[in-house]
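# Structural description and commentary
Read off the chains here:
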Amino acid sequence: MAEGAYGGGRGILRRRTALERFAIERRAPSPDLAAVADYLWILTWDLREREPHRQRVLTRPAVNLTFTTGGRARVVGVVRDVFSETIAGRGRVVGVCFRPGGFRPFLDGPVSGLTDRFTPVEEIFGPTARAAADAIIAEPDRDRAVAMAEDLLRSRLPERPDPMIAEVAAIVDRIAADPALLRVADLAAALGIGPRRLQRIFAEYVGVGPKWVIRRHRMQEAAERAAAGPGADWAALAAELGYADQSHFTRDFTRTLGISPAQYARKR
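Rules used throughout
- Residues numbered from 1 in each chain as written.
- Predicted model: local features only at pLDDT ≥ 70, side-chain atom pairs only at ≥ 80, totals over all residues.
- Heavy atoms only, no water.
- Helix = DSSP H or I, 4+ residues; strand = E, 2+ residues; numbered from the N terminus.
- Rg over C-alpha atoms; globule rule 2.2 N^0.38 Å.
- Buried < 20%, exposed > 50% of the residue type's maximum accessible area, 1.4 Å probe, protein only.
- Contact = heavy atoms within 4.5 Å.
- Areas by Shrake-Rupley, 256 points an atom, 1.4 Å probe, with all protein chains shown as cover.
- Core = buried A, V, L, I, M, F, W, Y, C linked by side-chain atoms within 4.5 Å.
- Expected span 1.5 Å × (residues − 1).
- Polar contact = N/O pair within 3.5 Å; in protein donor to acceptor, adjacent residues only side chain to side chain.
- Pairing = 2+ DSSP bridges.
- Lys, Arg positive; Asp, Glu negative; His and termini not counted.
- Salt bridge = Lys/Arg side-chain N within 4 Å of Asp/Glu carboxyl O.
- Phe/Tyr/Trp six-rings, centres within 6.5 Å; stacked < 30°, edge-to-face > 60°.
- Lys NZ or Arg CZ within 6 Å of the ring centre and 35° of its normal.
- Axes fitted to C-alpha atoms, helices over the stretch in contact; angles between N-to-C directions.

Below, the discussion takes up the overall build of the chain. Looking only at helices and strands, one finds 11 helices and eight strands in the chain. By the compact-globule yardstick of 18 Å for 268 residues, the chain fits well, its C-alpha radius of gyration being 19 Å. With the C-alpha coordinates of the chain rotated into their principal frame, the extents come out at 55 × 50 × 25 Å. Within the chain, the proportion of its 268 residues that are buried is 48%. Contacts in the chain between residues at least 24 apart in sequence constitute 72% of all its contacts with a sequence separation of at least 6. Counting only carbon and sulfur atoms, one obtains 48% of the accessible surface of the chain, whose full area is about 12400 Å².

Encoded structure:
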């Protein structure tokens, strides 16, 4: 698994079935890493007596660093499509979900260079990071594994903080908090900056454009509502999320998840 939404549960599709297959634990980062890391997460599963499980997730606008049983350690950029992965047997993932913009200090270029990519940890953190990653994966104690992951971040974190990280995170929080916000131009106007500058900031720090972030937050909210079951007032939900009409909302939902809101509700 590679997506930080697991840490809080939001974004997990067909959650009831999912949480019968794996367990999630979410932890706050140490204070000295809170400026860049949103949270750490631990995902464990034991399917030795069951069939493999394929999980789909509506991803967040965040980069993740993951250490997975079997030796895989990678940096996961923002995945623009629905993310899916299959788990089998018994295993664990220790992950760090960065704040929107929080991974920029670890890179020599914009975060958009990581989008839709799964990059081995040593390509970004250097060759010595491979040994650190192997030790994290092999460590049976969760507390110790989390501490080792944080130590790896500290070893690569620049001494001088980047004030833009807090600013970018606040913009993303604003998008999440205002369901009626659907246009990049309206967001830029509310922030007092031009749309092109806003696009550049998001490419540099988030990895995807503000339009994608807006749509993804709306789809996550729609999926949460649909998961409550059949009988929802789709026209009212479309209006609440800022859509001009129900058909526009249904098209967006179907394009993102592959099925209509009503079908998703029936399969919850």
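Next up on the list: the nonpolar core. Within the largest apolar cluster, 50 residues are counted, with the highest numbers of intra-cluster contacts made by L65, F67, F103 and F125. With residues near it in sequence (within four places) discarded, F103 still touches V63, V75, F98, L114, I124 and F125.

Looking now at helix α4 (residues 142-156). Taking 1.5 Å of rise per residue, 15 residues should cover 21 Å, and α4 covers 22 Å from first to last C-alpha, within 8% of that figure. Buried residues in α4 make contact with β1 (22-27), β2 (37-47), β4 (64-68), β7 (89-98), α2 (121-125) and α3 (128-138). Between the side-chain oxygen at the start of α4 and the backbone nitrogen of D143 there is a gap of 3.2 Å, and the oxygen is on D141.

Here strand β6 (residues 83-87) shows a buried face lined by F83, E85 and I87 and an unburied face lined by S84 and T86. Across five bridges, strand β3 (residues 53-57) lies against β6 in antiparallel orientation. For H53, the partnering residue across the bridge sits in β6 and is I87.

So, about the side chain of E139. Inspection of the secondary structure puts E139 in the loop between α3 and α4. For the buried residue E139, which engages in no salt bridge, the nearest side chain bearing the opposite charge is R144, 4.8 Å off. If we skip the residues at most four places from it in the chain, E139 touches R92, R144, A145 and M148.

Below, the discussion takes up the packing of aromatic side chains. Taken as a whole, this structure holds nine aromatic pairs when the rule is applied. Among the aromatic residues, those joined into a ring-pair cluster are F98, F103, F106 and F125. Above the ring of Y39, the side-chain terminus of R26 is found at 3.8 Å from the ring centroid.

The next point concerns the sheet that holds β4. As summarised here, the arrangement of the six strands in space is β1-β2-β7-β4-β5-β8, forming an open sheet in which the pairing is antiparallel. Each end of this open sheet is capped by a strand with a single partner; those strands are β1 and β8 (118-120). Taken over all neighbouring pairs, the strand axes of this sheet differ in orientation by 20° on average, direction set aside. Looking at chain direction, β2 and β7 are connected through 10 bridges and run antiparallel. Within the sheet, the bridge partner assigned to W45 lies in β7 and is G91.

Next up on the list: the environment of I259. Its location among the elements puts I259 in the loop between α10 (246-257) and α11 (261-266). The sequence separation of I259 and R48 amounts to 211 residues, and the corresponding C-alpha distance is 31 Å.

It is worth spelling out the pattern of salt bridges at this point. Counted under the stated rule, the structure contains 20 salt bridges. Between R72 and E85 there is a salt bridge, with its nearest N and O atoms 2.4 Å apart. Of this pair, R72 sits in strand β5 (residues 72-76) while E85 sits in strand β6; the two residues are 13 residues apart in sequence, bridging distant segments of the chain. For R72, a relative accessible area of 32% translates into the label partly exposed. According to the relative accessible area criterion, E85 is buried, its value standing at 13%. R130 serves as the salt-bridge partner of E122, at 3.9 Å between the closest nitrogen and oxygen. With relative accessibility at 28%, the residue E122 sits in the partly exposed group.

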